[in-house]
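Chain by chain, the residues:
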Amino acid sequence: MATIIGGIGTSHTPTIGIAFDQGKQQHPAWAPLFKGYEPIVEWLARMRPDVLVMFYNDHANSFFFDHYPTFAVGLSDRHTVADEGLGLRPVPPVNGHPAMARHIAESLVTDEFDISVFTDLPIDHGCFSPLSVMWPEHATGWPGVIVPIEMNVLQHPMPTPRRCYKLGQAVRRAIESYPEDLDVVVVGTGGLSHQLSGERAGYNDSDWDLRFLDLLTKNPHTLADMTHGDFIELGGSEGAEVIMWLAMRGALSNNVAKLHQNYYLAMTAAWAVQLYEEPVAATRRPAAKSRAGV
Amino acid sequence: MNPQIEKIRSLPGTFLFDLDRSARGMRLNRFLCGLVRPENRSLFKSDPEIAFENAGLTTKEREMVRTKDWKAMADYGANFFALEKLGRVTGVGNPAMCAQMRGEPLEEFLKTRRVPDAC
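Reading guide: rules and limits
- Residues numbered from 1 in each chain as written.
- Chains lettered and ligands numbered in written order.
- Predicted model: local features only at pLDDT ≥ 70, side-chain atom pairs only at ≥ 80, totals over all residues.
- Heavy atoms only, no water.
- Pairing = 2+ DSSP bridges.
- Helix = DSSP H or I, 4+ residues; strand = E, 2+ residues; numbered from the N terminus.
- Axes fitted to C-alpha atoms, helices over the stretch in contact; angles between N-to-C directions.
- Contact = heavy atoms within 4.5 Å.
- Buried area = accessible area lost by both parts, 1.4 Å probe.
- Salt bridge = Lys/Arg side-chain N within 4 Å of Asp/Glu carboxyl O.
- Polar contact = N/O pair within 3.5 Å; in protein donor to acceptor, adjacent residues only side chain to side chain.
- Nonpolar A, V, L, I, M, F, W, Y, C, P; charged D, E, K, R; others polar.
- Buried < 20%, exposed > 50% of the residue type's maximum accessible area, 1.4 Å probe, protein only.
- Phe/Tyr/Trp six-rings, centres within 6.5 Å; stacked < 30°, edge-to-face > 60°.
- Lys NZ or Arg CZ within 6 Å of the ring centre and 35° of its normal.
- Parallel < 35°, antiparallel > 145°, perpendicular 65-115°, else oblique.
- Left-handed = near helix turned anticlockwise from the far one by under 90°.

### Considerations on the sheet that holds strand S10 (residues 271–277) of chain A
All names here are of chain A. With mixed pairing, eight strands are arranged side by side in an open sheet as S6-S3-S7-S2-S8-S1-S10-S9. Strand pairing shows two members of the sheet lacking a second neighbour, strand S6 (116–118) and strand S9 (257–264), which therefore form its edges. The mean angle between the axes of side-by-side strands here comes to 20°, regardless of whether they run parallel or antiparallel. Sheet topology places strand S3 (residues 71–74) next to strand S7 (residues 145–151); three bridges connect them, and they run antiparallel. Across the sheet, the residue bridging to Phe-71 is Met-151, located in S7. Against the sheet, helix H3 (residues 38–47) contacts strand S1 (3–10), strand S2 (51–56), strand S8 (183–189), S9 and S10, and its axis sits at roughly 35° relative to S10. The strands touched by helix H6 (residues 161–176) are S1, S2, S3, S7 and S8; relative to S2, the strand with the most contacts, the crossing angle is about 160°.

### Thoughts on the interface of chain B and chain A
Taken together, the 44 residues of chain B in the interface contact 47 residues of chain A. In total, chain B and chain A occlude about 4,100 Å² of area from one another, counting both sides; carbon and sulfur atoms represent 60% of this. Considering only the side of chain B, the residues that lose the most area to chain A are Gln-4, Phe-81 and Arg-88 of chain B, jointly responsible for 17% of the buried surface there. On inspection of chain B and its partner chain A, the count reaches six salt bridges. Of the charged contacts, one joins Lys-7 of chain B and Glu-233 of chain A as a salt bridge, the two residues approaching to 2.8 Å between their closest N and O atoms. Viewed at the interface, chain A and chain B are joined by 23 residue pairs in polar contact (both at pLDDT 80 or more). Listing elements by their share of the side of chain B that touches chain A, those giving two or more residues are helix H1 (19–34), helix H2 (38–46), helix H5 (70–76), helix H6 (80–90), helix H7 (94–102) and helix H8 (106–111) of chain B. Here the side of chain B that touches chain A takes six residues from H1 of chain B, the largest share from any one element. Residue composition of the side of chain B that touches chain A, by class: 26 nonpolar, seven polar and 11 charged.

### Description of the pairing of S8 of chain A
All names here are of chain A. Most of S8 sits out of view: seven of its seven residues are buried. The alternating pattern of S8 places Asp-183, Val-185, Val-187 and Thr-189 and Val-184, Val-186 and Gly-188 on opposite faces, both of which are buried. Where S1 and S8 come together, seven bridges link them in parallel fashion. Bridging across to S8, Gly-7 finds its partner in Val-186. Pairing geometry for S2 and S8, over five bridges, is parallel. Bridge pairing links Phe-55 to Gly-188 in S8.

### Re H6 of chain B
Since the α-helix packs 3.6 residues into each turn, any two residues three or four apart lie on the same face. Extensive coverage of H6 of chain B is indicated by the burial of 10 of its 11 residues. Turning to H6 of chain B, its buried residues number three or more, namely Phe-80, Phe-81, Ala-82, Leu-83, Glu-84, Lys-85, Leu-86, Gly-87, Arg-88 and Val-89 of chain B. Close packing links the buried residues of H6 of chain B with helix H1 (14–21) of chain A together with H1, H2, helix H4 (59–66), H5 and H7 of chain B. Here H6 of chain B starts with a cap whose side-chain oxygen sits 2.8 Å from the backbone nitrogen of Phe-81 of chain B, and that cap is Asn-79 of chain B. Among the residues trailing H6 of chain B, Gly-91 of chain B stands out with phi positive, at a value near 75°.

### Let's talk about the packing of aromatic side chains
Where two aromatic rings form a pair, the distance of their centres and the angle of their planes describe that pair. In total, this model carries 16 aromatic pairs over all chains according to the counting rule given. Considering the side-chain rings of Tyr-264 of chain A and Trp-271 of chain A, the 5.8 Å spacing of their centres and the 40° angle between planes classify their relative orientation as tilted. Of the two residues, Tyr-264 of chain A and Trp-271 of chain A, neither departs from the other in class, the shared state being buried. A centroid spacing of 5.9 Å and a plane angle of 70° characterise the contact between Phe-31 of chain B and Phe-44 of chain B, whose relative ring orientation is edge-to-face. Highlighted residues: Phe-31 of chain B in helix H1 and Phe-44 of chain B in helix H2, separated in sequence by 13 residues. For Phe-31 of chain B, a relative accessible area of 8% puts it in the buried group. An aromatic cluster is present here, built from Phe-64, Phe-65 and Tyr-68 of chain A together with Phe-17 of chain B joined pairwise through their rings. One Lys or Arg, Arg-163 of chain A, reaches over the ring of Phe-113 of chain A and ends 3.6 Å from the middle of that ring.

### Description of the environment of Lys-24 of chain A
Tracing the chain through its elements places Lys-24 of chain A in the loop between H1 and helix H2 (31–35). Spatially, the C-alpha atoms of Lys-24 of chain A and Gly-6 of chain A are 28 Å apart, while their sequence positions differ by 18 residues. The residues touching Lys-24 of chain A, leaving out its near neighbours within four places in the chain, are Ala-19, Trp-30, Ala-31 and Phe-34 of chain A together with Cys-119 of chain B.

### Some thoughts on the packing of H1 of chain A against helix H5 (residues 125–134) of chain A
Residue and element names in this part refer to chain A. Across the interface, H1 lies against H5 with an axial gap of 8 Å and an inter-helix angle of 40°. Comparing the axis directions of H1 and H5 gives the class oblique. Like other packed secondary-structure pairs, H1 and H5 cross with a definite hand, here left-handed. In this structure, H1 contributes Pro-14, Ile-16, Gly-17 and Phe-20 to the contact, and H5 contributes His-125, Ser-129, Ser-132 and Val-133.

### Things to note about the pairing of S3 of chain A
Here is the key point about a regular strand: its side chains alternate between the two faces of the sheet. Residue and element names in this part refer to chain A. Residues Phe-71 and Val-73 point to one face of S3 and Ala-72 and Gly-74 to the other, with burial holding for every one of them. In this structure, S3 lies alongside S6, joined through three bridges in parallel fashion. By the bridge assignment for S6, Val-73 is matched with Val-117.

### Section: the packing of helix H3 (residues 48–55) of chain B against H4 of chain B
All names here are of chain B. Relative orientation of the contacting elements H3 and H4 amounts to 140°, with a least axis distance of 11 Å. For H3 against H4, the interelement crossing comes out right-handed. Residue-level contacts link Glu-49, Phe-52 and Glu-53 of H3 to Arg-62, Val-65 and Arg-66 of H4.

On their own, these measurements won't tell you what the molecule is for.
So this is what it looks like as C-alpha coordinates:
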(Lines give C-alpha, C1' and ligand atoms only; values in the text may rest on other atoms or scores of the structure.)
Protein backbone atom coordinates (compact mmCIF):
# COMPACT_ATOMS: atom_id res chain seq x y z
CA MET A 1 0.00 0.00 0.00
CA ALA A 2 1.20 3.51 -0.70
CA THR A 3 1.94 5.67 2.32
CA ILE A 4 1.80 9.42 2.82
CA ILE A 5 5.02 10.36 4.57
CA GLY A 6 4.55 14.12 4.65
CA GLY A 7 3.14 17.28 3.20
CA ILE A 8 4.44 20.56 1.86
CA GLY A 9 2.65 23.88 1.50
CA THR A 10 4.34 26.27 -0.89
CA SER A 11 3.72 29.48 -2.79
CA HIS A 12 3.84 29.12 -6.56
CA THR A 13 4.26 32.56 -8.14
CA PRO A 14 5.82 32.60 -11.63
CA THR A 15 8.54 34.87 -10.28
CA ILE A 16 9.89 32.01 -8.13
CA GLY A 17 10.66 29.91 -11.20
CA ILE A 18 12.02 32.87 -13.16
CA ALA A 19 14.28 33.94 -10.28
CA PHE A 20 15.58 30.36 -10.10
CA ASP A 21 16.32 30.31 -13.84
CA GLN A 22 18.11 33.66 -13.53
CA GLY A 23 20.30 32.35 -10.72
CA LYS A 24 19.09 34.86 -8.13
CA GLN A 25 19.56 32.46 -5.19
CA GLN A 26 22.14 34.77 -3.56
CA HIS A 27 20.53 38.06 -4.60
CA PRO A 28 19.66 39.99 -1.41
CA ALA A 29 16.04 40.45 -2.48
CA TRP A 30 15.63 36.73 -3.20
CA ALA A 31 17.91 34.96 -0.73
CA PRO A 32 15.28 34.93 2.08
CA LEU A 33 12.96 33.05 -0.29
CA PHE A 34 15.49 30.48 -1.47
CA LYS A 35 16.95 29.98 1.99
CA GLY A 36 13.48 29.06 3.17
CA TYR A 37 13.48 26.08 0.81
CA GLU A 38 16.77 24.60 1.99
CA PRO A 39 15.18 22.36 4.66
CA ILE A 40 12.65 21.18 2.06
CA VAL A 41 15.38 20.37 -0.44
CA GLU A 42 17.31 18.48 2.23
CA TRP A 43 14.23 16.55 3.44
CA LEU A 44 13.14 15.57 -0.07
CA ALA A 45 16.69 14.47 -0.93
CA ARG A 46 16.78 12.35 2.23
CA MET A 47 13.28 10.87 2.07
CA ARG A 48 13.22 10.44 -1.71
CA PRO A 49 9.44 10.11 -2.02
CA ASP A 50 8.29 8.10 -5.02
CA VAL A 51 5.47 10.49 -5.92
CA LEU A 52 4.47 14.07 -5.17
CA VAL A 53 0.70 14.52 -5.36
CA MET A 54 0.35 18.22 -6.09
CA PHE A 55 -2.77 20.32 -5.51
CA TYR A 56 -2.28 23.23 -7.89
CA ASN A 57 -4.19 25.51 -10.18
CA ASP A 58 -3.76 26.26 -13.83
CA HIS A 59 -3.72 29.97 -14.69
CA ALA A 60 -5.82 29.90 -17.86
CA ASN A 61 -2.96 28.31 -19.77
CA SER A 62 -4.30 24.79 -20.31
CA PHE A 63 -7.86 25.16 -19.08
CA PHE A 64 -10.20 27.82 -20.45
CA PHE A 65 -13.48 29.19 -19.18
CA ASP A 66 -15.52 27.53 -21.92
CA HIS A 67 -15.22 24.29 -19.95
CA TYR A 68 -13.74 24.74 -16.54
CA PRO A 69 -13.32 21.79 -14.16
CA THR A 70 -13.61 22.23 -10.41
CA PHE A 71 -11.12 19.41 -9.78
CA ALA A 72 -9.12 17.47 -12.38
CA VAL A 73 -6.40 14.87 -11.98
CA GLY A 74 -3.61 14.67 -14.56
CA LEU A 75 -3.12 11.20 -16.05
CA SER A 76 -0.19 11.86 -18.38
CA ASP A 77 3.08 9.91 -18.50
CA ARG A 78 4.87 13.16 -18.94
CA HIS A 79 3.83 16.69 -18.08
CA THR A 80 5.27 19.33 -20.38
CA VAL A 81 5.83 22.97 -19.45
CA ALA A 82 3.23 25.54 -20.51
CA ASP A 83 4.13 28.60 -22.56
CA GLU A 84 2.48 31.37 -20.52
CA GLY A 85 3.21 34.14 -22.99
CA LEU A 86 6.96 34.47 -22.58
CA GLY A 87 8.05 31.29 -24.37
CA LEU A 88 9.07 28.11 -22.57
CA ARG A 89 11.04 28.06 -19.34
CA PRO A 90 14.27 26.06 -19.67
CA VAL A 91 13.09 23.16 -17.54
CA PRO A 92 12.47 19.58 -18.61
CA PRO A 93 9.02 17.97 -18.55
CA VAL A 94 8.22 16.13 -15.33
CA ASN A 95 7.05 12.54 -15.44
CA GLY A 96 3.65 11.63 -14.11
CA HIS A 97 2.53 8.43 -12.43
CA PRO A 98 -0.38 7.46 -14.68
CA ALA A 99 -1.21 4.24 -12.82
CA MET A 100 -1.52 6.02 -9.48
CA ALA A 101 -3.33 8.95 -11.11
CA ARG A 102 -5.90 6.61 -12.66
CA HIS A 103 -6.33 4.87 -9.32
CA ILE A 104 -6.85 8.22 -7.57
CA ALA A 105 -9.47 9.21 -10.16
CA GLU A 106 -11.31 5.89 -9.77
CA SER A 107 -11.09 5.96 -6.00
CA LEU A 108 -12.32 9.56 -5.77
CA VAL A 109 -15.30 9.00 -8.04
CA THR A 110 -16.38 5.79 -6.30
CA ASP A 111 -15.93 7.74 -3.04
CA GLU A 112 -18.54 10.22 -4.43
CA PHE A 113 -15.93 12.85 -5.32
CA ASP A 114 -16.69 13.41 -8.98
CA ILE A 115 -13.33 14.52 -10.25
CA SER A 116 -12.51 15.23 -13.87
CA VAL A 117 -9.39 13.91 -15.62
CA PHE A 118 -7.00 15.42 -18.14
CA THR A 119 -4.10 14.32 -20.26
CA ASP A 120 -1.66 15.92 -22.71
CA LEU A 121 -2.16 19.40 -21.28
CA PRO A 122 0.94 21.36 -20.34
CA ILE A 123 1.37 22.42 -16.72
CA ASP A 124 2.24 25.98 -15.73
CA HIS A 125 4.00 27.71 -12.86
CA GLY A 126 1.37 26.33 -10.46
CA CYS A 127 3.52 23.18 -10.27
CA PHE A 128 6.78 24.11 -11.96
CA SER A 129 7.67 27.11 -9.76
CA PRO A 130 7.57 25.07 -6.53
CA LEU A 131 9.22 22.06 -8.19
CA SER A 132 12.11 24.29 -9.33
CA VAL A 133 13.00 25.29 -5.79
CA MET A 134 12.13 22.02 -4.05
CA TRP A 135 14.08 19.90 -6.55
CA PRO A 136 16.81 22.34 -7.62
CA GLU A 137 18.85 19.62 -9.39
CA HIS A 138 16.59 19.25 -12.41
CA ALA A 139 18.58 20.52 -15.40
CA THR A 140 18.74 17.07 -16.96
CA GLY A 141 15.56 15.62 -15.46
CA TRP A 142 13.49 15.78 -12.27
CA PRO A 143 14.43 13.43 -9.43
CA GLY A 144 10.85 12.20 -9.00
CA VAL A 145 7.38 12.08 -10.50
CA ILE A 146 4.15 13.94 -9.77
CA VAL A 147 0.42 13.41 -9.86
CA PRO A 148 -1.08 16.86 -10.46
CA ILE A 149 -4.57 17.63 -9.13
CA GLU A 150 -5.87 20.83 -10.68
CA MET A 151 -8.33 22.94 -8.68
CA ASN A 152 -10.53 25.83 -9.74
CA VAL A 153 -9.48 28.87 -7.75
CA LEU A 154 -9.94 31.29 -10.68
CA GLN A 155 -13.65 31.40 -11.40
CA HIS A 156 -16.40 31.67 -8.78
CA PRO A 157 -18.18 29.50 -7.75
CA MET A 158 -15.01 27.83 -6.51
CA PRO A 159 -15.03 24.70 -4.34
CA THR A 160 -15.67 25.68 -0.73
CA PRO A 161 -12.77 25.60 1.73
CA ARG A 162 -14.48 22.67 3.49
CA ARG A 163 -14.78 20.83 0.18
CA CYS A 164 -11.06 21.32 -0.48
CA TYR A 165 -10.25 19.86 2.92
CA LYS A 166 -12.52 16.90 2.18
CA LEU A 167 -10.84 16.44 -1.20
CA GLY A 168 -7.58 16.05 0.66
CA GLN A 169 -9.15 13.44 2.94
CA ALA A 170 -10.50 11.55 -0.07
CA VAL A 171 -7.11 11.72 -1.79
CA ARG A 172 -5.56 10.21 1.34
CA ARG A 173 -8.01 7.30 1.14
CA ALA A 174 -7.14 6.93 -2.53
CA ILE A 175 -3.40 6.90 -1.92
CA GLU A 176 -3.68 4.48 0.98
CA SER A 177 -5.67 2.07 -1.16
CA TYR A 178 -3.09 2.08 -3.98
CA PRO A 179 -1.58 -1.41 -4.01
CA GLU A 180 2.06 -0.54 -4.68
CA ASP A 181 4.38 0.18 -1.73
CA LEU A 182 5.25 3.79 -2.52
CA ASP A 183 6.14 6.80 -0.41
CA VAL A 184 4.00 9.81 -1.27
CA VAL A 185 4.25 13.47 -0.31
CA VAL A 186 1.22 15.72 -0.77
CA VAL A 187 1.87 19.30 -1.84
CA GLY A 188 -0.52 22.27 -1.58
CA THR A 189 0.43 25.32 -3.62
CA GLY A 190 -0.41 29.01 -3.95
CA GLY A 191 -0.71 32.13 -1.81
CA LEU A 192 -0.20 33.59 0.58
CA SER A 193 -1.89 37.00 0.74
CA HIS A 194 -2.10 38.94 -2.51
CA GLN A 195 -4.58 40.73 -4.72
CA LEU A 196 -3.92 41.63 -8.34
CA SER A 197 -7.23 43.08 -9.56
CA GLY A 198 -9.12 46.27 -8.78
CA GLU A 199 -8.11 49.27 -6.66
CA ARG A 200 -7.36 46.85 -3.84
CA ALA A 201 -4.50 45.37 -5.94
CA GLY A 202 -1.29 45.15 -3.93
CA TYR A 203 -3.14 44.14 -0.76
CA ASN A 204 -1.23 42.00 1.75
CA ASP A 205 -1.64 41.14 5.43
CA SER A 206 1.26 39.40 7.12
CA ASP A 207 -0.59 39.08 10.43
CA TRP A 208 -3.30 37.10 8.70
CA ASP A 209 -0.78 35.03 6.73
CA LEU A 210 1.01 33.97 9.91
CA ARG A 211 -2.31 33.19 11.57
CA PHE A 212 -3.30 31.13 8.55
CA LEU A 213 -0.07 29.13 8.76
CA ASP A 214 -0.59 28.54 12.46
CA LEU A 215 -4.22 27.51 12.03
CA LEU A 216 -3.34 25.19 9.17
CA THR A 217 -1.03 23.35 11.52
CA LYS A 218 -3.12 23.36 14.67
CA ASN A 219 -6.73 23.81 13.71
CA PRO A 220 -7.42 23.40 9.99
CA HIS A 221 -11.14 23.04 10.70
CA THR A 222 -11.31 26.72 11.63
CA LEU A 223 -10.04 27.48 8.13
CA ALA A 224 -12.33 24.92 6.52
CA ASP A 225 -15.32 26.61 8.19
CA MET A 226 -14.47 29.99 6.66
CA THR A 227 -15.98 31.28 3.39
CA HIS A 228 -14.21 32.49 0.28
CA GLY A 229 -15.39 35.93 1.32
CA ASP A 230 -13.46 35.59 4.58
CA PHE A 231 -10.34 34.45 2.74
CA ILE A 232 -10.62 37.29 0.20
CA GLU A 233 -11.19 39.93 2.88
CA LEU A 234 -8.24 38.71 4.93
CA GLY A 235 -5.82 37.54 2.24
CA GLY A 236 -6.85 39.24 -1.02
CA SER A 237 -8.87 37.99 -3.97
CA GLU A 238 -6.02 35.92 -5.45
CA GLY A 239 -4.76 34.97 -1.98
CA ALA A 240 -7.93 32.95 -1.49
CA GLU A 241 -6.19 30.21 -3.48
CA VAL A 242 -4.69 29.06 -0.18
CA ILE A 243 -7.67 26.72 -0.01
CA MET A 244 -5.34 24.43 -1.99
CA TRP A 245 -3.19 24.20 1.14
CA LEU A 246 -6.32 22.96 2.93
CA ALA A 247 -6.51 20.05 0.48
CA MET A 248 -2.91 19.17 1.33
CA ARG A 249 -3.69 19.42 5.05
CA GLY A 250 -6.80 17.29 4.63
CA ALA A 251 -4.61 14.53 3.22
CA LEU A 252 -2.44 14.50 6.36
CA SER A 253 -3.14 12.75 9.65
CA ASN A 254 -3.91 14.45 12.96
CA ASN A 255 -0.52 13.43 14.29
CA VAL A 256 1.55 15.19 11.71
CA ALA A 257 4.54 17.27 12.91
CA LYS A 258 5.46 20.62 11.40
CA LEU A 259 9.20 20.51 10.75
CA HIS A 260 9.74 23.81 9.02
CA GLN A 261 8.14 27.11 8.05
CA ASN A 262 9.37 30.16 6.18
CA TYR A 263 7.52 33.40 5.39
CA TYR A 264 8.75 36.30 3.29
CA LEU A 265 6.75 39.24 1.97
CA ALA A 266 8.71 41.20 -0.62
CA MET A 267 6.53 42.34 -3.52
CA THR A 268 2.90 41.62 -4.38
CA ALA A 269 2.42 38.04 -3.17
CA ALA A 270 3.60 36.85 0.22
CA TRP A 271 5.79 33.75 -0.10
CA ALA A 272 5.52 30.91 2.38
CA VAL A 273 6.54 27.31 2.72
CA GLN A 274 5.72 24.67 5.33
CA LEU A 275 6.95 21.11 5.77
CA TYR A 276 4.94 18.46 7.61
CA GLU A 277 6.11 14.96 8.41
CA GLU A 278 3.93 11.99 9.28
CA PRO A 279 5.02 9.82 12.23
CA VAL A 280 5.20 6.88 9.82
CA ALA A 281 8.01 8.63 7.92
CA ALA A 282 10.47 7.55 10.61
CA THR A 283 9.80 3.92 9.80
CA ARG A 284 9.91 4.28 6.04
CA ARG A 285 12.83 3.29 4.05
CA PRO A 286 15.40 5.75 2.81
CA ALA A 287 18.06 3.23 3.89
CA ALA A 288 16.33 0.28 2.27
CA LYS A 289 15.81 2.33 -0.84
CA SER A 290 19.48 3.13 -1.13
CA ARG A 291 20.33 -0.56 -0.68
CA ALA A 292 17.93 -1.42 -3.44
CA GLY A 293 19.43 1.33 -5.54
CA VAL A 294 15.98 2.83 -6.15
CA MET B 1 -26.33 34.37 -5.10
CA ASN B 2 -23.27 32.46 -3.93
CA PRO B 3 -23.17 32.66 -0.11
CA GLN B 4 -19.43 32.06 -0.19
CA ILE B 5 -18.79 35.49 -1.68
CA GLU B 6 -21.81 37.47 -0.51
CA LYS B 7 -19.81 39.70 1.83
CA ILE B 8 -17.39 40.60 -0.97
CA ARG B 9 -20.05 42.37 -3.03
CA SER B 10 -19.49 45.36 -0.78
CA LEU B 11 -15.69 45.12 -0.58
CA PRO B 12 -14.39 48.16 -2.45
CA GLY B 13 -11.86 47.79 -5.24
CA THR B 14 -12.37 44.09 -5.84
CA PHE B 15 -13.60 42.64 -9.14
CA LEU B 16 -14.48 39.04 -8.50
CA PHE B 17 -14.24 36.83 -11.55
CA ASP B 18 -17.58 35.06 -11.37
CA LEU B 19 -19.85 33.49 -13.97
CA ASP B 20 -21.36 36.86 -14.92
CA ARG B 21 -17.98 38.39 -15.66
CA SER B 22 -16.81 35.17 -17.25
CA ALA B 23 -19.76 35.14 -19.67
CA ARG B 24 -19.30 38.80 -20.59
CA GLY B 25 -15.54 38.40 -20.94
CA MET B 26 -15.54 35.10 -22.85
CA ARG B 27 -14.53 36.54 -26.22
CA LEU B 28 -11.94 38.87 -24.70
CA ASN B 29 -10.51 36.14 -22.45
CA ARG B 30 -10.27 33.78 -25.41
CA PHE B 31 -8.27 36.37 -27.31
CA LEU B 32 -6.02 37.11 -24.31
CA CYS B 33 -5.43 33.45 -23.48
CA GLY B 34 -4.68 32.79 -27.14
CA LEU B 35 -1.51 34.83 -26.67
CA VAL B 36 0.14 31.77 -25.13
CA ARG B 37 0.58 30.58 -28.74
CA PRO B 38 3.64 32.07 -30.48
CA GLU B 39 1.79 32.54 -33.79
CA ASN B 40 -0.90 34.62 -32.07
CA ARG B 41 1.74 36.72 -30.33
CA SER B 42 3.44 37.38 -33.67
CA LEU B 43 0.19 38.40 -35.32
CA PHE B 44 -0.78 40.64 -32.42
CA LYS B 45 2.61 42.34 -32.44
CA SER B 46 2.72 42.83 -36.20
CA ASP B 47 -0.93 43.66 -36.86
CA PRO B 48 -3.10 43.99 -33.78
CA GLU B 49 -6.15 45.11 -35.73
CA ILE B 50 -6.20 41.87 -37.73
CA ALA B 51 -5.77 39.92 -34.49
CA PHE B 52 -8.77 41.80 -33.00
CA GLU B 53 -10.81 41.14 -36.13
CA ASN B 54 -9.96 37.42 -36.09
CA ALA B 55 -11.00 37.23 -32.45
CA GLY B 56 -14.25 39.06 -33.18
CA LEU B 57 -13.65 41.62 -30.44
CA THR B 58 -16.18 44.42 -30.05
CA THR B 59 -15.19 48.07 -30.47
CA LYS B 60 -15.14 48.53 -26.71
CA GLU B 61 -12.99 45.42 -26.19
CA ARG B 62 -10.51 46.53 -28.85
CA GLU B 63 -10.19 49.96 -27.27
CA MET B 64 -9.52 48.51 -23.82
CA VAL B 65 -6.81 46.24 -25.26
CA ARG B 66 -5.24 49.05 -27.32
CA THR B 67 -5.02 51.35 -24.29
CA LYS B 68 -4.03 48.48 -21.96
CA ASP B 69 -6.69 49.59 -19.50
CA TRP B 70 -6.19 46.70 -17.10
CA LYS B 71 -8.70 47.95 -14.58
CA ALA B 72 -11.45 48.47 -17.14
CA MET B 73 -10.81 45.03 -18.64
CA ALA B 74 -10.87 43.33 -15.21
CA ASP B 75 -14.11 45.09 -14.32
CA TYR B 76 -15.59 44.17 -17.69
CA GLY B 77 -14.82 40.46 -17.42
CA ALA B 78 -11.17 39.76 -18.19
CA ASN B 79 -9.61 37.29 -15.81
CA PHE B 80 -6.39 38.60 -14.28
CA PHE B 81 -4.39 35.65 -15.57
CA ALA B 82 -5.68 36.30 -19.08
CA LEU B 83 -4.62 39.95 -18.71
CA GLU B 84 -1.22 38.79 -17.52
CA LYS B 85 -0.59 37.24 -20.94
CA LEU B 86 -1.19 40.59 -22.65
CA GLY B 87 1.14 42.12 -20.07
CA ARG B 88 3.86 39.64 -20.98
CA VAL B 89 3.45 40.21 -24.71
CA THR B 90 3.54 43.99 -24.30
CA GLY B 91 6.30 44.08 -21.69
CA VAL B 92 4.12 45.24 -18.78
CA GLY B 93 4.88 43.45 -15.52
CA ASN B 94 2.46 42.63 -12.70
CA PRO B 95 3.63 45.59 -10.53
CA ALA B 96 2.77 48.03 -13.33
CA MET B 97 -0.59 46.32 -13.84
CA CYS B 98 -1.31 46.55 -10.10
CA ALA B 99 -0.31 50.23 -10.08
CA GLN B 100 -2.71 51.00 -12.94
CA MET B 101 -5.49 49.09 -11.15
CA ARG B 102 -4.88 51.29 -8.10
CA GLY B 103 -4.73 54.44 -10.17
CA GLU B 104 -1.18 55.39 -9.27
CA PRO B 105 2.17 55.57 -11.09
CA LEU B 106 4.43 52.50 -10.87
CA GLU B 107 7.01 54.42 -8.80
CA GLU B 108 4.35 55.19 -6.18
CA PHE B 109 3.23 51.59 -6.07
CA LEU B 110 6.80 50.35 -5.66
CA LYS B 111 7.21 52.64 -2.64
CA THR B 112 4.49 50.61 -0.93
CA ARG B 113 6.46 47.36 -1.40
CA ARG B 114 8.86 46.02 1.22
CA VAL B 115 11.46 44.78 -1.29
CA PRO B 116 10.71 46.48 -4.60
CA ASP B 117 13.58 44.84 -6.48
CA ALA B 118 12.16 41.34 -5.88
CA CYS B 119 10.45 41.25 -9.25
